[in-house]
Amino acid sequence: MRTTGRTDVAVVGGGPIGLAIAWRAAQRGMRVLVHDPDPGSGASGVAAGMLAPVAEASFGEEALTRLLLDSAARWPRFAAEVAAAAGLTGVADLGYRTEGTLVVGRTADDLAQARRLWTYQRGLGLPITALDATGLHDREPLLAPRVRGGAHAPDDHQVDPRRLVPALRLAALRSGVVLVSAAVRDLAELDAGTVVVAAGCGAAALTGLPIRPVKGQILRLRAPGGEPPAFRHVIRGYNDGRTVYLVPRHDGEVVVGATVEERADHTVTAGGVLELLRDATDLVPELAEYELAETMAGHRPGTPDNAPVIGPLADRPDVIVASGHYRHGILLTPVTAERVVDLLTSGVVDPALAPFTPDRFTRTEHAPSREEIR
Ligand SMILES: Cc1cc2nc3c(=O)[nH]c(=O)nc-3n(C[C@H](O)[C@H](O)[C@H](O)COP(=O)(O)OP(=O)(O)OC[C@H]3O[C@@H](n4cnc5c(N)ncnc54)[C@H](O)[C@@H]3O)c2cc1C
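Here the structure is a predicted model, which is why all the values come from computation and not from measurement.

## What about the packing of helix 1 (residues 16-27) against helix 5 (residues 161-174)?
Packed helix pairs are characterised by how far apart their axes lie and by the angle those axes make with each other.
So, point 1. It is the contact of helix 1 with helix 5, at a shortest axis distance of 9 Å, that shows an interaxial angle of 30°. Considering the angle they form, helix 1 stands roughly parallel to helix 5. Of the two possible hands of crossing, helix 1 and helix 5 adopt the one that is left-handed. Seen from helix 1, the contacting residues are Pro 16, Leu 19, Ala 20, Ala 22, Trp 23 and Ala 26; seen from helix 5, they are Pro 161, Leu 164, Val 165, Leu 168, Arg 169, Ala 171 and Ala 172.
So, point 2. Its residues placed into classes, the contact of helix 1 with helix 5 shows twelve nonpolar, no polar and one charged.

This is how it looks when you write it as structure tokens:
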């Protein structure tokens with residue numbers, strides 16, 4: 001499909017979503033430009049990288065859960081292909097780990113809250129198994145003795161977004177993608193067969209879609225002596241009604257996250273750090289000995305229904321949106337890239353994307369009559 005002269009696809013945004021789309025499109029022979037003044041500087045530089053379709057399955061979000069599961073199933077092959085295309089020795093170089101996730105509750109109330117959710121998740125047929133305190137401590141002896149119980153989600157994995165995005169960038173460049181180091185202020189600036197808006201929070205200004213920044217403060221701790229942390233699973237904890245997650249990396253890092261705030265500033269607050277550290281050390285007391293290596297705030301690209309926006313604009317079929325991935329953009333990278341490239345190739349929106357197309361925010365399913373309005 002490579003043509004001479006005009007660009008086939010202009011991608012706005014060089015985060016994980018835009019780079020993966022560009023790479024996959026170039027693999028299909030398309031001529032692709034990615035416009036971004038600072039690729040990887042968006043939410044992905046902050047994100048924990050949990051690939052957690054099961055623990056993230058929430059009440060009333062069945063369509064989103066199906067998409068999360070679809071993407072999780074694509075991750076092993078995607079990780080292997082990215083690693084190979086970037087010349088890495090293997091998926092471990094992406095920080096890709098498959099030990100699974102433990103969901104834990106510290107008090108009886110916490111456990112009751114967690115149990116409601118995993119009962120719902122089990123009802124959907126998802127793999128999550130309850131564990132008593134002994135079962136939990138057998139798996140992770142470092143958990144605080146007071147942790148009451150929990151569950152094991154073996155299929156919820158992790159990747160390090162700070163390793164993934166540079167690898168995707170290299171894979172894209174090696175397959176012929178051209179990076180343009182500039183921000184796009186107006187889609188009319190671009191001369192391409194199709195424009196893909198993969199600008200995360202920046203998509204709102206370009207498309208008018210209801211995508212908003214949802215602030216998350218997050219910490220990075222470092223194990224003493226450069227050793228790997230002494231626990232292997234991702235731990236998602238309920239602690240006195242709050243939630244926290246701990247993501248151990250082989251290189252000694254532990255990511256502790258994250259606050260969820262309807263704000264757009266980048267301030268790391270004393271209260272935010274205090275809360276995350278208290279919750280982290282309540283669950284794994286040994287973390288108090290770790291170095292506090294980094295504190296940061298980033299913005300998840302949130303939407304009114306927490307689901308991403310993937311598909312053509314109703315009034316501009318030559319503009320495809322792939323933004324608004326909220327808390328799941330790392331997990332959703334493979335399915336988004338592969339579905340968008342299928343759409344670029346066939347011109348047909350796959351029915352699996354129907355719940356996520358941009359027109360869901362403007363569609364009037366049922367125009368009320370005057371009588372109904374009165
Ligand atoms: C605290 C926190 C924790 C998270 N944890 C997880 C997790 O564990 N698992 C998970 O799956 N997801 C997680 N996420 C969410 C995830 O980071 C995002 O959903 C994901 O990064 C979205 O990818 P993206 O490429 O769409 O956007 P981004 O990563 O935000 O990248 C957008 C890119 O677009 C560029 N851009 C913006 N506007 C323009 C413009 N006008 N012109 C050109 N370029 C532009 C930016 O420079 C940037 O490089 C987390 C997010 C946060 C904040």
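## A closer look at the site of the ligand
So, point 1. Close contacts around the ligand come from 44 residues, with Gly 15, Gly 42, Gly 200, Gly 202 and Gly 329 the closest.
So, point 2. Listed by contribution, the elements that provide at least two residues to the shell around the ligand are helix 1, strand 10 (212-222) and strand 14 (291-302).
So, point 3. A total of four residues in the shell around the ligand trace back to one element, the largest contributor, which is strand 14.
So, point 4. Partitioned by chemical class, the residues of the shell around the ligand number 20 nonpolar, 20 polar and four charged.

## Notes on the domain arrangement of the protein
So, point 1. One can read the domain layout of the protein as domain 1 (7-91 + 159-210 + 304-361) and domain 2 (101-154 + 213-302).
So, point 2. Computed from C-alpha atoms alone, the centre-to-centre distance between domain 1 and domain 2 is 27 Å.
So, point 3. The interface is formed by 22 residues belonging to domain 1 together with 26 residues belonging to domain 2.

## Some words on the sheet that holds strand 13 (residues 253-257)
So, point 1. Taken in spatial order, the eight strands make up an open sheet running 5-6-4-11-12-13-10-14, and their pairing is mixed. In the strand order of this sheet, the two ends are held by strand 5 (129-132) and strand 14, each with one partner. Each adjacent strand pair in this sheet contributes to an overall mean axis angle of 25°, direction not counted.
So, point 2. Where strand 5 meets strand 6 (residues 149-153), four bridges bridge the pair, whose relative direction is antiparallel. Counted as the bridge partner of Asp 132 is Gly 149 from strand 6.

## Quick look at the nonpolar core
So, point 1. Counting residues in each nonpolar core, the largest one holds 109 residues, and the members touching the most others are Ile 21, Ala 22 and Val 196.
So, point 2. Ranked by residue count, the leading element in this core is helix 2 (residues 62-85), at nine residues.
So, point 3. A domain split of this core shows at least three residues from each of domain 1 (7-91 + 159-210 + 304-361) and domain 2 (101-154 + 213-302).

What counts and how
Residues numbered from 1 in each chain as written. Predicted model: local features only at pLDDT ≥ 70, side-chain atom pairs only at ≥ 80, totals over all residues. Axes fitted to C-alpha atoms, helices over the stretch in contact; angles between N-to-C directions. Helix = DSSP H or I, 4+ residues; strand = E, 2+ residues; numbered from the N terminus. Parallel < 35°, antiparallel > 145°, perpendicular 65-115°, else oblique. Left-handed = near helix turned anticlockwise from the far one by under 90°. Contact = placed C-beta atoms within 7 Å. Nonpolar A, V, L, I, M, F, W, Y, C, P; charged D, E, K, R; others polar. Near = placed C-beta within 6 Å. Domains from an automatic or database assignment. Pairing = 2+ DSSP bridges. Core = buried A, V, L, I, M, F, W, Y, C linked by C-beta atoms within 7 Å. Buried ≥ 20, exposed ≤ 12 C-beta atoms within 10 Å, placed from the backbone.

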